[in-house]
Amino acid sequence: MRLDVVSIFPGYLAPLDLSLIGKARRDGLLDLHVHDLRDFTTDRHRTVDDSPFGGGAGMVMKPEPWAAALDHVVQDGTTDDAPVPHLLVPGPGGVPFTQAMAHALAAEPWLAFACGRYEGLDERVYDHAAERMPLTVVSLGDYVLNGGEVAVLAMVEAVGRLLPGVVGNAESLVEESHEGGLLEYPVYTRPASWDDSGTVREVPPVLLSGDHAAIAAWRHEQRVARTAARRPDLAAASATVAGLDDLDVR
Ligand code: ADE
């Protein structure tokens, strides 16, 4: 998969060199290109923002550098199989980024991310881009970040780890939070009995029983109970599809 990120802080994307995503890049599974928006300015000061028409607080990102940067990304990466990228613009006003969206994006050959700062991009940048490539404005959640870079780190990790070969044990992807509409069950490792400075904390006995059916049933119950307690919005949705009415947790 090819990824392009345009930002005025390319250094913000440095963590994508680390851990499993960094390894995926070195293994050739992810082809990441980070671009500095200021390289697409034409003035001496490399200006990327200006005050908003109509007044108001803050600054707006100028359209010309964005159009030049996005045109460059398309020109640089186009192939017969992927003539244009799917452009994702992180912002608090976007559609919610979900695990389902991560799966859908993981099936695409080429993603580009436009990281806005300040009060956002001049609206005409969206018009320019949408005439050339599919475009989605995506929000990580109902809170406001200073810019799109942190959201891109999260989205690249969520999408990248779904690509074949990125996470060594593909099975570990299956029972995670948000797969199957439920949160993950609690996990334990040795010691089975832990003396925590005088308080003895035991691993649930079923996990030591060797009874795989009982363990699977216990884990499923835990997922349902956790989801009901922490994310009742998800529990309601999954109860209707998964026939969870028998379990007394809602
Ligand atoms: N940029 C600023 N706030 C954001 C959010 N909540 N999600 C994605 N990108 C953002």
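Computed from a predicted structure; not experimentally measured. (Residues numbered from 1 in each chain as written. Predicted model: local features only at pLDDT ≥ 70, side-chain atom pairs only at ≥ 80, totals over all residues. Heavy atoms only, no water.)

A few points about the site of the ligand
Item 1. As a matter of local geometry, the ligand sits amid P90, G91, P92, V138, S139, L140, G141, Y143, V144, L145, G147 and A151.
Item 2. A distance of 3.2 Å separates a nitrogen atom of the ligand from a polar backbone atom of G141.
Item 3. Within the contact set of the ligand, a nitrogen atom lies 3.0 Å away from a backbone nitrogen or oxygen of L145.
Item 4. Burial of the ligand by the protein amounts to 96% of the accessible area it has alone, namely 260 Å².
Item 5. Placement of the ligand is best described as lying within the second largest pocket. (Near = heavy atom within 4 Å. Polar contact = N/O pair within 3.5 Å; in protein donor to acceptor, adjacent residues only side chain to side chain. Areas by Shrake-Rupley, 256 points an atom, 1.4 Å probe, with all protein chains shown as cover. 1 Å grid on protein atoms, 1.4 Å probe; cavity = no way out; pocket = protein on both sides within 12 Å on 5 of 7 lines; lining within 4 Å. Sits in = over half its atoms within 2 Å of the grid points.)

A look at the nonpolar core
Item 1. Grouped together as the largest cluster of nonpolar side chains are 29 residues, with contacts concentrated most on L3, F97, L111, F113 and V159.
Item 2. Of all elements in the fold, only β1 (2-7), α1 (19-26), α3 (99-106), β6 (110-114) and α5 (149-160) reach the threshold of two or more residues within this core.
Item 3. Considering every element that reaches this core, the biggest residue donor is α5, with seven residues.
Item 4. Contacts of F113, omitting those with residues within four sequence positions, involve L3, D4, V5, V6, L87, L88, V152, M155 and V156.
Item 5. The next biggest cluster of nonpolar side chains, apart from the first, holds 22 residues, and it includes M61, A69, V74 and M133. (Core = buried A, V, L, I, M, F, W, Y, C linked by side-chain atoms within 4.5 Å. Buried < 20%, exposed > 50% of the residue type's maximum accessible area, 1.4 Å probe, protein only. Helix = DSSP H or I, 4+ residues; strand = E, 2+ residues; numbered from the N terminus. Contact = heavy atoms within 4.5 Å.)

Regarding a nonpolar patch on the surface
Item 1. Together, F9, Y12, Y143, L145 and V150 make up a nonpolar patch on the protein surface, roughly 430 Å² of accessible area in all.
Item 2. Using a relative accessible area of 44% as the deciding quantity, one classes Y143 as partly exposed. (Patch = residues over 30% accessible without salt bridge, like charges linked within 9 Å, V, L, I, M, F, W, Y side chains within 5 Å. Salt bridge = Lys/Arg side-chain N within 4 Å of Asp/Glu carboxyl O.)

Quick look at the side chain of E179
Item 1. Note on placement: E179 falls in the loop between α5 and β8 (193-196).
Item 2. Among buried charged residues, E179 stands out as having no salt bridge; its nearest opposite-charge side chain is R161, 5.9 Å away.
Item 3. Among all residues touching E179, those that are not within four sequence positions of it are Q99, H103, L162, L173, V174 and R223. (Lys, Arg positive; Asp, Glu negative; His and termini not counted.)

Description of the side chain of H128
Item 1. With respect to the secondary-structure elements, H128 resides in helix α4 (residues 123-130).
Item 2. If sequence neighbours within four positions are ignored, H128 has contacts with A67 and D71.

Examining the packing of helix α2 (residues 63-77) against α4
Helix packing for two helices is described by the angle between their axes and how far apart those axes are.
Item 1. It is at 9 Å that the axes of α2 and α4 come closest, and there the two elements cross at 25 degrees. When the interaxial angle is binned, α2 and α4 end up roughly parallel. Our pair here, α2 against α4, has a crossing hand that is right-handed. Facing P63, W66, A67, L70 and D71 of α2, the residues of α4 in contact are R124, V125, H128 and A129.
Item 2. For the contact of α2 with α4, the per-class residue count stands at six nonpolar, one polar and two charged. (Axes fitted to C-alpha atoms, helices over the stretch in contact; angles between N-to-C directions. Parallel < 35°, antiparallel > 145°, perpendicular 65-115°, else oblique. Left-handed = near helix turned anticlockwise from the far one by under 90°. Nonpolar A, V, L, I, M, F, W, Y, C, P; charged D, E, K, R; others polar.)

Some thoughts on the sheet that holds strand β5 (residues 86-96)
Item 1. One open sheet holds the five strands; their spatial order is β2-β1-β6-β5-β7, and the pairing between them is parallel. Two strands lie at the open edges of the sheet, namely β2 (31-36) and β7 (135-139), each paired on one side alone. Averaged over all pairs of adjacent strands, the angle between their axes in this sheet comes to 30 degrees, without regard to strand direction.
Item 2. Examined bridge by bridge, β5 and β6 share three bridges and lie parallel to one another. The residue bridging L87 from the neighbouring strand is A112, located in β6. (Pairing = 2+ DSSP bridges.)

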